[in-house]
Every structure is written in structure tokens, then in C-alpha cells.
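Take a look at the letters that make up each chain.
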Amino acid sequence: MLMSNGVPPGSRRYSLLLATSLASLAALGCSDTGDPTGSGGEGSVSFTTWGEAYIEDEIPADLAGENGFIDGWSVKYEHFLVNFANIAVADQKGAVAVRMPGMKLFDNHVPSVKSIVDFDAIPAKAYTEVSYEIVPPAPHGDVGPDVDEELRQKMIDEGYSVYVDATATRDGEARHYAWGFPIATRYENCHSEQGGRDEKGFVIRNNATIEVQLTTHGDHLYYDRLQSSPNPSVRTALRFDAIALADADGDGELQLDELDGVSMAKLVGTYDLSGFKAATLKDFVTHLARTVGHFRGEGECDVTGL
């Protein structure tokens, strides 16, 4: 299992993962014995996705490290493609109520919240076991709005589940990069803060529809830790200097394989492996690519490589 959640830069409550607290979360969730409203019946859930402002607009520079790059870079995405599959909703006993058929590819640089799948006529009660996957697309898969067909085919051909096209800039310098990640990841035991407390999964209420957003976080590719520090004074920051310097041929075009030429042993003190294995900067960024999937905004899930 890959555990990967870091602390948010500043006020953004991103944490890179979760597993240590999940055992206690089950006790905090709503009862799984029937309808939370006490009236029986059925409701609906609408799964959506969104890339937030960091993907739609820009990740800014912020030398204070509160809400941007601590080393002065900024990043603008042209594309941020992610392919969702196997969304499953189950109760505390593991009984699956609904499961998404097929898969659907989105470019979350395209503005606004986008629909993945709707489920109707679900028994009204608590569903504490919610999971989904981000996997490479297949030719038969569905496609969200304004997805570039050439990029879709590239993801199919190369087996990419996540594909980003972006430009980083600082003081007149620029680095362009188009990276595809041939990985498959499962997100399970998803939970989020609702009404001031942590809620595992979600609750379906009688004659009501709930929206559950599978949010993607574009800043995670630049974290300097693979897991949050147990010491709250040790913060996770967004950094781009080491990535920029990986441009070995100096052409301003950053290939993901160029990051393979940067040993993590040389970045000790700036980057923290958090106990995981990552020999090169490419390995490190690939680990981080598994953490872009979130749940209902800042909510998190256990992350497992498939």
C-alpha cells in the first residue's frame, strides 16, 4: 500500500494520507442500521469531478509557502487528464449498493464541475465504504467534455492514467513539460469533513440527492514530502527548483525521464522520502502522482497501487 498524504501548504488543509486515523473514523460515522432520517425510502448520489483553481487557473508563487511555490515558481496547466473507473458505494458490512460501469476520462483543466455518474433509487442509509480507481483509459471508455482526442489516444496507447501538460515560470525562465504516468491506483476508505466532523463515506437520505466530488489536486506533484510529518512544525512545501534543474539539455522542455537522472540522495534535506523507496526524482514525482485523487474537496482515501 502506498500511503501518501502530506500536510497542506499553509491554510489549504491538504494532508498526503490517512491510514493511521482510519480505524477510529469508523466509530465516528453515522449508524449503518437503516435510514438516517428514520423514514425509510430511497435517495440518489451524483459523482462529479473538479480540478479546483490550481488546475483551472494557476499555482502561484508564494515565498511564505502558504498557498504556492516556496521557491518562486508558478505553474499553469494546459491539460490535466485523469481517468476514473470502478466507483463503488458500500455499507459498513461491505455490501455494495451501486458500482460504476465502465470508466470516464476528464480534462480537469476544463472549467467547472463535471458529472461522472449518477446513481438513483439507493436505499436511504449511511454508506461508509466508498472507493474508486484512477486507471488507464480503454478504447470503449466514456469521455467528459472537451477532452482532446489526440491526447485521449495517447493515454490509451501509452497506458497513462494521469497526463499533465503545463508550463512553469520564474523571473523570465520557463520550463514546459508534458508528463504521462503509466500507473493504476485505487482509492478506498474515503472520508471528508462534513459539518465540522470527519465523516467516512456519506449518507443517502430519503427523497434527496447528494453530490460527491472526486476532486483532483494539481499541486500534489510538487510536494517535498511523500507523507506528512508527525511534527506539526515541519510543513510540506511546494517546490520546483530541483525539477527545473533536471532539464539536462537546457532546452526548456522537461521530459519525465530527465528526472530519472536526479538522485534523491542529492536532495536530502530538501525532500523527504517519508520511509518510502524512491531512488530518483522521477520515482518521487510518480509516487506523488498517485495522490492527486481526493474525496469531496479536501477529503482523503487510502491509496493503493494496482
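The present account deals with the structure reproduced in this document.

Parameters and conventions
Residues numbered from 1 in each chain as written. Predicted model: local features only at pLDDT ≥ 70, side-chain atom pairs only at ≥ 80, totals over all residues. Heavy atoms only, no water. Disulfide = S-S within 2.5 Å. Helix = DSSP H or I, 4+ residues; strand = E, 2+ residues; numbered from the N terminus. Buried < 20%, exposed > 50% of the residue type's maximum accessible area, 1.4 Å probe, protein only. Phe/Tyr/Trp six-rings, centres within 6.5 Å; stacked < 30°, edge-to-face > 60°. Pairing = 2+ DSSP bridges. Axes fitted to C-alpha atoms, helices over the stretch in contact; angles between N-to-C directions. Contact = heavy atoms within 4.5 Å.

### A word on the state of the cysteines
Okay, step 1: By the definition in use, this model includes one disulfide.
Okay, step 2: A sulfur-sulfur separation of 2.1 Å characterises the disulfide bridge that pairs Cys190 with Cys301. Judged by the sign of its S-S torsion, about 110 degrees, the cystine formed by Cys190 and Cys301 is right-handed. Highlighted residues: Cys190 in strand β11 (residues 185-194) and Cys301 in strand β16 (residues 300-305), separated in sequence by 111 residues.
Okay, step 3: When its relative accessible area of 0% is taken as the criterion, Cys190 is described as buried.

### So, the packing of aromatic side chains
Okay, step 1: Throughout the structure, instances matching the rule amount to 15 aromatic pairs.
Okay, step 2: Taken together, a centroid distance of 6.2 Å and an interplanar angle of 85 degrees make the contact between Phe69 and Phe240 edge-to-face. With Phe69 in the loop between α2 (52-56) and β2 (74-90) and Phe240 in the loop between β14 (209-215) and α4 (241-245), the pair connects residues that are 171 residues apart, well separated along the chain.
Okay, step 3: Using a relative accessible area of 0% as the deciding quantity, one classes Phe240 as buried.

### Here we look at the sheet that holds strand β5 (residues 114-123)
Okay, step 1: Overall, mixed pairing links the three strands, which are arranged β5-β1-β14 in an open sheet. Only two strands of the sheet have a single neighbouring strand rather than two, namely β5 and β14. If you compare each strand with its neighbour and ignore which way they point, the axes differ by 20 degrees on average.
Okay, step 2: As judged from the seven bridges shared by strand β1 (residues 42-50) and β14, these two strands associate in the parallel manner. Looking across to β14, one finds that Thr48 is bridged to Gln213.

### Description of unusual backbone geometry
Okay, step 1: Unlike most non-glycine residues, Asn189 shows phi in positive territory, near 55 degrees.
Okay, step 2: A positive phi angle, near 55 degrees, is found at Arg296, a position not held by glycine.
Okay, step 3: Residue placement: Arg296 occurs in the loop between α5 (281-289) and β16.

### Observations concerning α5
Okay, step 1: By the burial criterion, the buried members of α5 are Leu281, Phe284, Val285, His287, Leu288 and Ala289.
Okay, step 2: Residues of α5 that are buried in the fold lie against β10 (173-181), β11 and α4.

### Quick notes on the pairing of β10
Okay, step 1: Inspection of the sheet shows strand β9 (residues 162-170) paired to β10 by nine bridges, in the antiparallel sense. From the neighbouring strand, Thr167 faces β10, where its bridge partner is His176.
Okay, step 2: Connecting the antiparallel pair β9 and β10 is a turn made up of two residues, with Asp171 showing a positive phi of about 50 degrees.

These figures capture arrangement, not role.
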